[in-house]
Amino acid sequence: MSTESGARAGEPSVPAEELTSAVVGSFAAAPDPRLRELLGSLTRHLHAFVRETGLTGEEWERAVGFLTATGQACTDTRQEFILLSDVLGVSMLVETVNEAAGPGTESTVLGPFHMTESPVRELGADIDLSGTGELCVVSGRVLSADGTPLPGAVLDVWQANAEGFYDVQQPDVQPPGNGRGLFTADGEGRFWFRTCVPNAYPIPTDGPVGALLRATGRHPYRPAHIHFIASAEGHAPVTTHIFVADGEYLDSDAVFAVKSSLVQDFAKTDDPVLAGEFGVANPFRHARFDLVLNAG
């Protein structure tokens with residue numbers, strides 16, 4: 001039996017290209033022009049993906065199931081969607097596309113574990129509350145792009161413990177706020193704190209993202225690092241890491257976040273004068289670097 005449109009049995013009543021145009025056009029009345037642009041572009045790219053790959057109904061159902069499971073894995077202390085964004089390189093791409101222009105410290109991903117407010121700590125405080133790792137002092141300055149110190153700059157710091165777990169992953173093992181600190185630079189823009197030397201560790205693999213990595217033969221490891229968000233009045237904040245030089249996985253970070261400028265030496269130090277200044281015993285490891293902020 002024929003249809004009014006004249007389409008033969010088994011043929012779509014609306015060609016694929018017309019369907020894409022129809023969906024894009026459905027957003028034409030959106031009052032926010034940026035939302036209209038984003039949804040239109042997303043629709044065109046998603047539809048192109050379906051056409052180019054010949055996506056089957058079964059494959060689409062599996063994809064929907066995967067995304068559903070990703071959402072179900074999210075909790076107050078775990079963000080599986082950020083983890084998915086990280087392993088697909090989307091988080092790093094967003095950072096790169098939006099990086100502030102200028103000579104400031106390069107940015108990198110926020111990661112999925114900036115989930116809780118860092119406790120305010122005095123300069124020189126020890127954020128390794130468990131005391132299980134190799135002692136390390138991290139110090140430096142926060143500077144403007146022209147080299148001017150930024151007194152009162154704020155640094156939000158967080159890292160995993162020596163075994164590769166964040167406090168929110170082990171609430172029954174680690175004290176709250178372990179590996180975290182909110183510091184204010186002194187009048188010369190200087191900061192320093194004590195911690196443990198970080199180690200390489202795997203991202204969580206007990207959820208859908210872990211299943212994706214296993215299915216594609218990818219390892220889950222991140223090179224050893226410490227996270228920072230540095231901010232100061234009149235300047236663009238920067239979200240970044242420092243990575244331990246000569247560590248494992250620097251060339252194969254599971255979330256593609258390593259930049260050569262962020263790889264720092266955690267030098268073995270045996271200097272009684274410096275140890276006295278930091279209030280630590282010799283020998284110790286010392287990472288020294290400056291965070292440079294572009295004008296905002």
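All of the points below concern the structure found in this document. Residue positions are given per chain, counted from 1 along the sequence in the order it is written. Restriction of local features to residues with pLDDT of at least 70 applies here, the model being predicted, together with a cutoff of 80 or more for giving and counting side-chain atom pairs; totals for whole chains, interfaces and linings are based on all residues. By convention in this description, side-chain values take in all heavy atoms of the structure and omit both hydrogens and water.

**Here we look at the side chain of Asp86**
So, point 1. Relative to the helices and strands, Asp86 resides in helix H4 (residues 80-87).
So, point 2. No salt bridge is formed by the buried Asp86, whose closest oppositely charged neighbour, Arg222, lies at an N-O distance of 6.6 Å.
So, point 3. Within the structure, Asp86 has its side chain in polar contact with the side chain of Ser91 (distance 2.6 Å).
So, point 4. In this description, contact between two residues means that some pair of their heavy atoms is separated by no more than 4.5 Å. With near-sequence residues (within four places) excluded, Asp86 lies in contact with Ser91, Val109, Gly111, Pro112, Ala254, Val255 and Phe256. In this description a helix means any DSSP run of H or I spanning at least four residues, a strand means any run of E spanning at least two, and both kinds are numbered starting from the N terminus. Exposure is judged per residue with a 1.4 Å probe applied to protein chains only, and the accessible area is read against the type maximum: over 50% gives exposed, under 20% gives buried, and values in between give partly exposed. Charge counting treats Lys and Arg as positive and Asp and Glu as negative, with His and both chain ends excluded. The salt bridge criterion pairs a side-chain nitrogen of Lys or Arg with a carboxyl oxygen of Asp or Glu, the two atoms within 4 Å. Here a polar contact is taken to be a pair of N or O atoms separated by no more than 3.5 Å, where protein atoms must pair a possible hydrogen donor with a possible acceptor and residues adjacent in sequence count only if both atoms sit in side chains.

**Concerning a nonpolar patch on the surface**
So, point 1. On the surface, a cluster of nonpolar side chains totalling about 260 Å² of accessible area is made up of Leu88, Val90 and Val94.
So, point 2. Within the secondary structure layout, Leu88 lies in the loop between H4 and helix H5 (90-97).
So, point 3. For Leu88, a relative accessible area of 52% puts it in the exposed group. In this analysis, a patch consists of residues with relative accessible area above 30% that form no salt bridge, clustered at 9 Å for like charges and at 5 Å for the nonpolar side chains Val, Leu, Ile, Met, Phe, Trp and Tyr. Computed with the Shrake-Rupley method and a 1.4 Å probe, the accessible areas treat only the protein chains shown as cover for residues.

**Topic: the nonpolar core**
So, point 1. Val138, Leu155, Val157, Phe191, Phe193 and Phe228 are the most contacted members of the largest nonpolar core, which totals 27 residues.
So, point 2. Of all the elements in the fold, those that place two or more residues in this core are strand S1 (135-144), strand S2 (154-158), strand S4 (190-196), strand S7 (225-231), strand S8 (238-244) and strand S12 (291-293).
So, point 3. Side-chain atoms within 4.5 Å link the members of a nonpolar core, which is a set of buried Ala, Val, Leu, Ile, Met, Phe, Trp, Tyr and Cys residues. Core analysis: the second largest hydrophobic core is formed by 12 residues, Leu83, Val87, Ile203 and Leu213 among them.

**What to know about helix H6 (residues 208-215)**
So, point 1. For H6, the set of buried residues is Pro208, Val209, Gly210 and Leu213.
So, point 2. Buried residues belonging to H6 abut helix H3 (57-72) and H4.
So, point 3. Immediately beyond the C-terminal end of H6, within one or two residues, lies Gly217, with a positive phi of roughly 70°.

**Overview of the packing of aromatic side chains**
So, point 1. Aromatic pairing here means that ring centres of Phe, Tyr or Trp (its six-membered ring) are within 6.5 Å. Orientation follows from the plane angle: under 30 degrees is stacked, over 60 is edge-to-face, and everything else is tilted. One pass over the structure, following the stated rule, counts nine aromatic pairs.
So, point 2. For the ring pair Tyr166 and Tyr201, a centre distance of 5.7 Å and an interplane angle of 80° mean the geometry is edge-to-face. Here the residue Tyr166 occupies a position in the loop between S2 and strand S3 (180-184), and Tyr201 occupies one in strand S5 (residues 201-202), the gap between them amounting to 35 residues. One exposure class covers both Tyr166 and Tyr201, and it is buried.
So, point 3. Of the aromatic side chains, those joined through ring pairs into one cluster are Phe183, Phe191, Phe193, Phe228 and Phe289.

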